[in-house]
Amino acid sequence: MKYFFAIKKTIPFLFAFILFSCASRKDIVYFQNIDGLAAAAKTNSYEIKIQPDDLLMIIVSAEDPEAVIPFNLSTVSISTANNLSTPRGQETIQSYLVDANGTIDFPTLGKLKVGGLSRSEVLEMLQLKIAKYIHNPIINLRIMNFKVSVQGEVTAPGTYNVASDRITLIEAIGMAHDLTIYGKRNNILIIREVNGIKSYNRVDISKADFINSPFYYLAQNDVVYVEPNKARINGAAVGPNTGVIISVTSILITLITLVVTRIK
């Protein structure tokens, strides 16, 4: 009988453990206060800045194709670079590498300082300089190696290439197939480097206010790290089979209780 009462006393503690180990809504749901966010809040018009080691594709066009030739890099064959025969349709336009000083060597115009400028500022500068030689030049600029890394408690951690000129934190998390149930929503780390200086920033995506923060949009080469929550850390300390052990223990206690009850 004393074993029966001991088991009976243990059951409430097991239920309490299961109950309090469950995550609450405030730990899981995104944008919890979005309904209370001011409708008149300013739109975040973030523009990425050109940084050293960026690869820029810049194409100049105009009504006269011959006139823009001196302002464009020549095309290069991918297969020639690999010392192979050159099949048709494998040519690509060369890109400009932004050096450590934030400059590029532009045909005809020489060295241009682009580091620290936004895409629109670089386009405006090129427009003014090239317009001295060509009537109504059309300039297209794109960062070819724009990428972000998403690490930690996400379903698919990795480094992702970005096709557009900007990406939001939520879009980057989506590319990594969302946070796992063990990821901390209120303490996401964003590592960003600007002019050679790294900054470490914390973002709470469980509150909608972060939409207006400087880190709603990511910059190229940003690293996003999702910290594991307490349940994951405790699980790692106890062991990955803790859940199975608890389940088996619960079944055994139930069976023992039934047997003891019948004997009684």
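Everything quoted here is computed from the prediction, not taken from an experiment. (Residues numbered from 1 in each chain as written. Predicted model: local features only at pLDDT ≥ 70, side-chain atom pairs only at ≥ 80, totals over all residues. Heavy atoms only, no water.)

Draft legend 1. Just helix 4 (residues 119-130), in detail. The end-to-end C-alpha separation of helix 4 is 16 Å, in line with the 16 Å expected for twelve residues at 1.5 Å each. What helix 4 keeps buried is the set V122, L123, M125, L126 and I130. In an axial view of helix 4, the angular spread of the buried residues amounts to 165°, which keeps them on one side of the axis. Facing away from the buried surface of helix 4 by more than 90 degrees, the exposed residues are E124 and L128. The secondary structure elements touched by the buried residues of helix 4 are strand 1 (55-61), strand 5 (103-106), strand 6 (110-113) and strand 7 (138-143). (Helix = DSSP H or I, 4+ residues; strand = E, 2+ residues; numbered from the N terminus. Expected span 1.5 Å × (residues − 1). Buried < 20%, exposed > 50% of the residue type's maximum accessible area, 1.4 Å probe, protein only. Arc of directions from axis to C-beta. Contact = heavy atoms within 4.5 Å.)

Draft legend 2. Representation of the sheet that holds strand 4 (residues 96-97). The antiparallel open sheet is built from three strands, whose spatial order is 4-1-7. Looking along the sheet, the strands with just one partner apiece sit at the ends: strand 4 and strand 7. Here six bridges tie strand 1 to strand 7, and the two strands are oriented antiparallel to one another. Residue pairing in the sheet places S61 in a bridge with I138 of strand 7. (Pairing = 2+ DSSP bridges.)

Draft legend 3. Highlighting the side chain of T180. If you trace the backbone, T180 turns up in the loop between helix 5 (169-175) and strand 11 (188-194). Accessibility expressed as a relative area gives 19% for T180, which makes it buried. A distance of 2.7 Å separates a polar atom in the side chain of T180 from a polar atom in the side chain of E153. Not counting residues up to four positions away in its chain, the partners in contact with T180 are E153, V154, T155 and R185. (Polar contact = N/O pair within 3.5 Å; in protein donor to acceptor, adjacent residues only side chain to side chain.)

Draft legend 4. Molecular detail of the environment of F71. Along the chain, F71 turns up in the loop between strand 1 and strand 2 (75-77). Residues F71 and I58, 13 residues apart in the sequence, show an inter-C-alpha distance of 9.4 Å.

Draft legend 5. A look at the packing of aromatic side chains. The tally for this structure, following the rule as stated, stands at four aromatic pairs. With a centroid separation of 5.4 Å and 55° between ring planes, the pair formed by F71 and Y133 is classed as tilted. Highlighted residues: F71 in the loop between strand 1 and strand 2 and Y133 in the loop between helix 4 and strand 7, separated in sequence by 62 residues. Assessed through its relative accessible area of 3%, F71 is described here as buried. Looking at Y133, the relative accessible area reads 52%, which means it is exposed. Every member of this aromatic cluster is reached through a ring pair, and the members are F210, Y216 and Y217. (Phe/Tyr/Trp six-rings, centres within 6.5 Å; stacked < 30°, edge-to-face > 60°.)

Draft legend 6. Examining the nonpolar core more closely. Ranked by size, the top nonpolar core spans 48 residues in total, and within it I58, F106, V114, L126, I130 and L169 carry the most contacts. With near-sequence residues (within four places) excluded, L169 lies in contact with I190, V203, I205, F210, F215, Y216, L218 and V224. (Core = buried A, V, L, I, M, F, W, Y, C linked by side-chain atoms within 4.5 Å.)

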